[in-house]
Amino acid sequence: MSGTTRRRFMQSLCGAIVVTGASSLVPRFARGADVSLAERLDLLYSNQFNFDDLGRPRISVGVMRSQKEVQLSAAGGLQALPSGDGGTAIVGGGRWRIRVTNATASKQSFRVVLDAVPATELRQVDKRAKVWRGKGFDVAEREVGTLFGVSGKVLDTRRVLLTTDLFSSEREAEARARELAERHGLIPRLHPEIERRASGRILAEDLETGVKVEAEGVLWFSPTRADKMTVHDVAHEGGGGSEDRRYRGQIYVAIDRKGELAVVNLIGEAELLSGLVPAEIYASAPSEALKAQAVAARGQLLAKVGSRHLDDPFLLCSHQHCQVYAGADSEHPRTNTAVERTIGRVLMRPNESQLVDTVYSANCGGHTEHNEQVWASPADPQLRATPDPKLGEDFAKGIDAANIDAWLSSSPAAYSKPSSSHVASAYRWTVALDPAAVAGNPEVPPSFGDLRRIEIHARGRSGRATHASLHGTRERVELHGELRIRRALGGLKSSMFVIDERRDEFGRFVLRGGGHGHGVGLCQHGAMGMAADGKTYGPILNHYYRDSKLVRLW
């Protein structure tokens, strides 16, 4: 067979796939299950789960984006899979280099998100839309999330986004979102609408044998013999270098929305959680706390599918935006055991058709918070502010302006009060704030001047500040939302704090606070304390997620 004839044979076999550069150009395994380019790309952008042979979901996680070149390796070799599982397999050596050519970025527009309401609550959707229209907004509804059936149950994670304005420029849309966030106390968010997907050709070269593979849009890889493969030079979140990371499952390289390379790990839900859970909680924590964390993390994974990264060729990212995932090398035997012993278990709402939004934070400071006090969202019956079980009557009805000083000063006994001194500052802490260091912080303009006064206007049930004013020598800043308050004051651990009347000897404000994180849902230190006291993971979860039901789906 001549080179030209062989090339044509490969094109007819694999659609938009071309293989060159070796004597055995025909794939080692050629099957009839290859799918068209359109079908391959539709799979990448689908909001549906992919299930393995055991009926467990597989999830696509973005490892890197905006790459010019990517290198993959595996002991024992890698195989390129132009159509993914079940299609043609091109077996090669142990290290491959992937590049992109003839790429075109996607064409998108962006809407500003005003609100998000569960799709099943149609009256609430209409009610919230009416409120926003009454404020003068032209509201458009967009549905995100997914609806899927498993083990005889239909799970619905869909939400209706109430959006406004339409921008062709992401930068302009972000500026508008920040403006509305300032004016209406929103979390600035955008909803992308794809008019044309990015396109380009993937060029993969086996650096050991010289075989070259070209594919349109996406190319999958899996290890030939090993159970893991390495992605080289994975950048650390926030900058500061890179490292090689090993991953289970498959890796595919696709064209991202900028017309560059995205590296994606397609992995089983249990294997993904095994890499996630150690990044969320101490692996040395009591086993029942680890199980509670595994269930909560699983719920977060499933709830986010189809509602994030709608313009990316994956369901979730590996950063804090979704959940921190650093691959197989971050696994720990104790957390792996917790994942396996809670396999398929999730928390459901009483109707058993909707997942509980199993959010969590490091330390609630002794009292969790209502979700609507932290985020611009309807009140969630499963995410109610809850006192620590150990608390006495003095604080059982909540923390407010009248008792928050005593609450923070007394540091009462609680499951969330760590026994270890090196993490005790997560429960109670003190910060000295330089008045000259506030200008230029997030939410604070550089022209603000020196901070003269902090005024707290409203607090949530746990005592967390939800509305504050910062008075500077030149300007005044209004802050709505606990995260915005924390960021404006230099990254406080939480917004559960008071300001001492007197400054310290250096003229700095003294802030006394409690807790670490937003305080909604599971308190990780609280779960550890309850587990150490003999509580099992079911009652622990039910304490933090009111009226929830623990259900096994697979």
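Calculation criteria
Residues numbered from 1 in each chain as written. Predicted model: local features only at pLDDT ≥ 70, side-chain atom pairs only at ≥ 80, totals over all residues. Heavy atoms only, no water. Buried < 20%, exposed > 50% of the residue type's maximum accessible area, 1.4 Å probe, protein only. Helix = DSSP H or I, 4+ residues; strand = E, 2+ residues; numbered from the N terminus. Pairing = 2+ DSSP bridges. Axes fitted to C-alpha atoms, helices over the stretch in contact; angles between N-to-C directions. Phe/Tyr/Trp six-rings, centres within 6.5 Å; stacked < 30°, edge-to-face > 60°. Expected span 1.5 Å × (residues − 1). Contact = heavy atoms within 4.5 Å. Polar contact = N/O pair within 3.5 Å; in protein donor to acceptor, adjacent residues only side chain to side chain.

Colleague: Sorry if this is basic, but what is going on with the pairing of strand E10 (residues 147-150) here?
Modeller: Two faces make up the sheet, and in a regular strand the side chains alternate between them. Residues Phe148 and Val150 of E10 are buried on one face, while the alternating residues Leu147 and Gly149, pointing to the opposite face, are not. Sheet topology places E10 next to strand E11 (residues 153-156); 4 bridges connect them, and they run antiparallel. Looking at the pairing, Gly149 lines up with Val154 of E11. Here E10 hands over to E11 after 2 residues, with Ser151 in that stretch at a positive phi of 50 degrees.

Colleague: Please clarify how the sheet that holds strand E28 (residues 497-499) should be interpreted in this entry.
Modeller: One key point about sheets: their strands pair by backbone hydrogen bonds, in either a parallel or an antiparallel sense. If you walk across this open sheet you meet the 3 strands as E24-E29-E28, and the pairing is antiparallel. Strand pairing shows two members of the sheet lacking a second neighbour, strand E24 (428-433) and E28, which therefore form its edges. Across the sheet, the axes of successive neighbouring strands diverge by a mean angle of 20 degrees, strand direction being ignored. Where E28 lies against strand E29 (residues 509-514), 3 bridges are found, and the strand directions are antiparallel. Each bridged residue has a counterpart across the sheet, and for Ile499 the counterpart in E29 is Leu511.

Colleague: How should the packing of aromatic side chains be read in this particular structure?
Modeller: Two aromatic rings are characterised by how far apart their centres lie and by the angle between their planes. The final tally for this structure, using the stated rule, is 5 aromatic pairs. Taking 5.7 Å as the distance between ring centres and 70 degrees as the angle between the ring planes, the aromatic pair formed by Trp132 and Phe137 counts as edge-to-face. Accessibility assignment for this pair places Trp132 and Phe137 in one class, buried. Judged by centre distance (5.6 Å) and plane angle (55 degrees), the ring pair of Trp220 and Tyr252 falls under tilted. Here Trp220 is found in strand E16 (residues 218-223), whereas its partner Tyr252 is found in strand E19 (residues 250-255), with 32 residues between them in sequence. Residue classification places Trp220 among the buried positions, given a relative accessible area of 5%.

Colleague: I would appreciate a short explanation of the sheet that holds strand E27 (residues 476-480) in the present structure.
Modeller: With respect to topology, 3 strands assemble into an open sheet ordered E25-E26-E27, the strand pairing being antiparallel. The open sheet is flanked by strand E25 (451-459) and E27, the only strands paired with a single partner. On average, each strand axis in the sheet is tilted by 15 degrees relative to the strand beside it, whichever way the strands run. Here 7 bridges tie E25 to strand E26 (residues 465-472), and the two strands are oriented antiparallel to one another. What sits directly across from Ala458, in E26, is His467.

Colleague: Would you explain helix H3 (residues 122-134) in this entry?
Modeller: Along an α-helix, a turn takes 3.6 residues, which lines up residues three or four apart on a common side. For H3, which comprises 13 residues, the first-to-last C-alpha distance of 18 Å matches the rise-based estimate of 18 Å (1.5 Å per residue) to within 8%. Here the buried face of H3 lies against strand E8 (107-118), strand E9 (139-144), strand E12 (159-167) and helix H4 (170-184). Positive phi shows up at Gly136, right after H3, with a value of about 95 degrees.

Colleague: Explain the side chain of His232 to me, please; I cannot follow it from the model alone.
Modeller: Within the element layout of this structure, His232 appears in strand E17 (residues 229-235). A polar side-chain atom of His232 sits 3.4 Å from a polar atom in the side chain of Arg95. There is a polar contact of 3.2 Å between the side chain of His232 and the side chain of Asp244.

Interpretation note: all reported values are geometric properties and have no functional meaning in isolation.
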